Amino acid sequence: MIMHRDSVAVDPRRVRRLLLVSLAVAALLGVTLGVSVTRADRLGATMSNVASDGIGTGVSPGDVTELSSAQLTTMMQGIKSAGSTWVRLDVFWGQVESSKGSWNWTLPDKTIGAALAAGLKPLLILNGAFMPSWVISPPSAAQFTPFVEEAVTRYAAMGVHTYEVWNEPNLGSNWGGQASGAEYAAILIPAYNAIKAIDPGSFVISGGLSPATDNYGNVDPGEFLTAMYAAGAGGHMDAVGIHPYSYPEDPTYPSQSNTFYDLPAYHQIMVANGDGGKQIWLTEFGIPTNVTGESTSIQAQQLSEAFTQLAQWSWTGPLFYFNWQDGQISQDFGLLDRSGNPKPAYAVFVAASAAKSNCGTACAPRSLRQSDGRRPEVHSLRAVRPE
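Computed from a predicted model, the values in this text were never measured in an experiment.

Reading the values: rules and limits
- Residues numbered from 1 in each chain as written.
- Predicted model: local features only at pLDDT ≥ 70, side-chain atom pairs only at ≥ 80, totals over all residues.
- Heavy atoms only, no water.
- Helix = DSSP H or I, 4+ residues; strand = E, 2+ residues; numbered from the N terminus.
- Contact = heavy atoms within 4.5 Å.
- Areas by Shrake-Rupley, 256 points an atom, 1.4 Å probe, with all protein chains shown as cover.
- Buried < 20%, exposed > 50% of the residue type's maximum accessible area, 1.4 Å probe, protein only.
- Core = buried A, V, L, I, M, F, W, Y, C linked by side-chain atoms within 4.5 Å.
- pLDDT = per-residue confidence, 0-100.
- Axes fitted to C-alpha atoms, helices over the stretch in contact; angles between N-to-C directions.
- Left-handed = near helix turned anticlockwise from the far one by under 90°.
- Nonpolar A, V, L, I, M, F, W, Y, C, P; charged D, E, K, R; others polar.
- Phe/Tyr/Trp six-rings, centres within 6.5 Å; stacked < 30°, edge-to-face > 60°.
- Lys NZ or Arg CZ within 6 Å of the ring centre and 35° of its normal.

Draft legend 1. Molecular detail of the overall build of the protein chain. Assigned secondary structure in the protein chain consists of eleven helices and eight strands. In the protein chain, the share of contacts with a sequence separation of at least 24, taken over all contacts with a separation of at least 6, comes to 76%. Carbon and sulfur atoms provide 54% of the accessible area of the protein chain, an area that totals close to 14,800 Å².

Draft legend 2. Examining helix 9 (residues 263-272) more closely. By the criterion of burial, helix 9 is predominantly enclosed, with seven of the ten residues buried. Regarding helix 9, the residues found buried are Leu 263, Pro 264, Ala 265, Tyr 266, His 267, Ile 269 and Met 270. Gly 274 sits one or two positions beyond helix 9 and adopts a positive phi of about 80°.

Draft legend 3. Local environment of the nonpolar core. Residues Met 76, Phe 144, Leu 225, Leu 263 and Leu 303 are the most contacted members of the largest nonpolar core, which totals 85 residues. Ranked by residue count, the leading element in this core is helix 7 (residues 181-198), at eight residues. Phe 144 has contacts with Trp 93, Leu 126, Gly 128, Val 165, Trp 166, Ile 187 and Ala 191, leaving out every residue within four places of it along the chain. Ranked by size, the runner-up nonpolar core spans eight residues in total, among them Phe 203, Ile 205, Trp 281 and Phe 320.

Draft legend 4. View of the confidence of the model for the protein chain. Across the protein chain, the average pLDDT comes to 82, with 76% of residues at or above 70. Segment residues 360-387: pLDDT under 50, and 48 contacts once partners within four positions in sequence are set aside and those in other chains are kept.

Draft legend 5. Main features of the packing of helix 3 (residues 69-81) against helix 5 (residues 106-117). One way to put it is that helix 3 packs onto helix 5 with a least axis distance of 9 Å and a crossing angle of 35°. Helix 5 is crossed by helix 3, and the crossing has right-handed handedness. For the pair formed by helix 3 and helix 5, the contact residues are Ser 69, Leu 72 and Met 76 on the first element and Lys 110, Thr 111, Ala 114 and Ala 115 on the second. The class makeup of the residues in the contact of helix 3 with helix 5 is four nonpolar, two polar and one charged.

Draft legend 6. Focus on the packing of aromatic side chains. Per the stated rule, a full pass over the model turns up 25 aromatic pairs. Each ring, one from Trp 93 and one from Trp 166, has its centre 6.4 Å from the other, and the planes form 70°; the classification is edge-to-face. Of this pair, Trp 93 sits in helix 4 (residues 93-96) while Trp 166 sits in the loop between strand 4 (162-165) and helix 7; the two residues are 73 residues apart in sequence, bridging distant segments of the chain. Neither Trp 93 nor Trp 166 differs from the other in exposure class; each is buried. A connected cluster of aromatic rings, assembled from ring pairs, spans Trp 93, Trp 134, Phe 144, Phe 147, Trp 166, Trp 175, Tyr 184 and Phe 224. We note Lys 121 situated over the ring of Trp 86; from NZ or CZ to the ring centre the distance is 5.5 Å.

Below you can see the structure in the form of structure tokens.
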């Protein structure tokens, strides 16, 4: 799920871009961020300024398909009790269609059913990164779109209407070789069209981009997004997905490896391509408490800082925290420790969720609202392919 940018050489072009970004941030906010660069000052920050914007918060728990029904129920109820509106869940192409044209929905039915039963809104990742063995890389729209059609037809009927197409497509390992914004756009465009044909009221997010650098088949998220737009993706996503991990730095600290700090630059790419009215959804963001030596108090402070800064950026959508409990996926990113006890970051998430829940439909992106402010009703489904 995650690739953090560690130990990379300084790129002078990137340094210059970060300087421009800092000016863009100041222009966007009209004020100085007022965030001290000293760790002691940052630790003294309170959570009282977690403001209410966006359309709720979310949790991205990672691959939970192997959990038992009882474990899923406990997890989903816990996520709901924390005030989360959303939960981000995988529908793995390789699990569902391991044989071409043969469908097995057992695992995603279990996870999605548990989320819906808990009263959560699923954001479904139509995750082609786990490709079936019969797919020849790079994947093609002809191979991927039938999976999209089947998944949306099935889950829209259950009340799911929000989709993310792929996960971290700018990673070579998630693309079967060299990642390409143009090749991803060739997948995204027909997938978007198929989703809208089946569920016209749906909301489609481009695959959340990893904080990668240009090596090992990976592509920098800004370069990848620019290539997507050049290939015509702009009219085929309702929001842009980004995974703006910043650890071990604070979210607003200007650093070469800080994708959160770069969010205004990615939004400017959207503005330059006529998409300034769309949001960036942070479909993964998290801070580990073991591999980088971050304490649980620093984890809480950095999450609070992220929510506080996002409140200043009207062009950001929900933050999906990765992940729920330590030890369940990889590293200790969780809001709960390995025994299931809340870490200090849990209280930050609860406070932010409560603030955002008071925002209502006024904060929703335009494509999620009708003229009277309500989300549109989903039209009756229609199959785009014969059974």
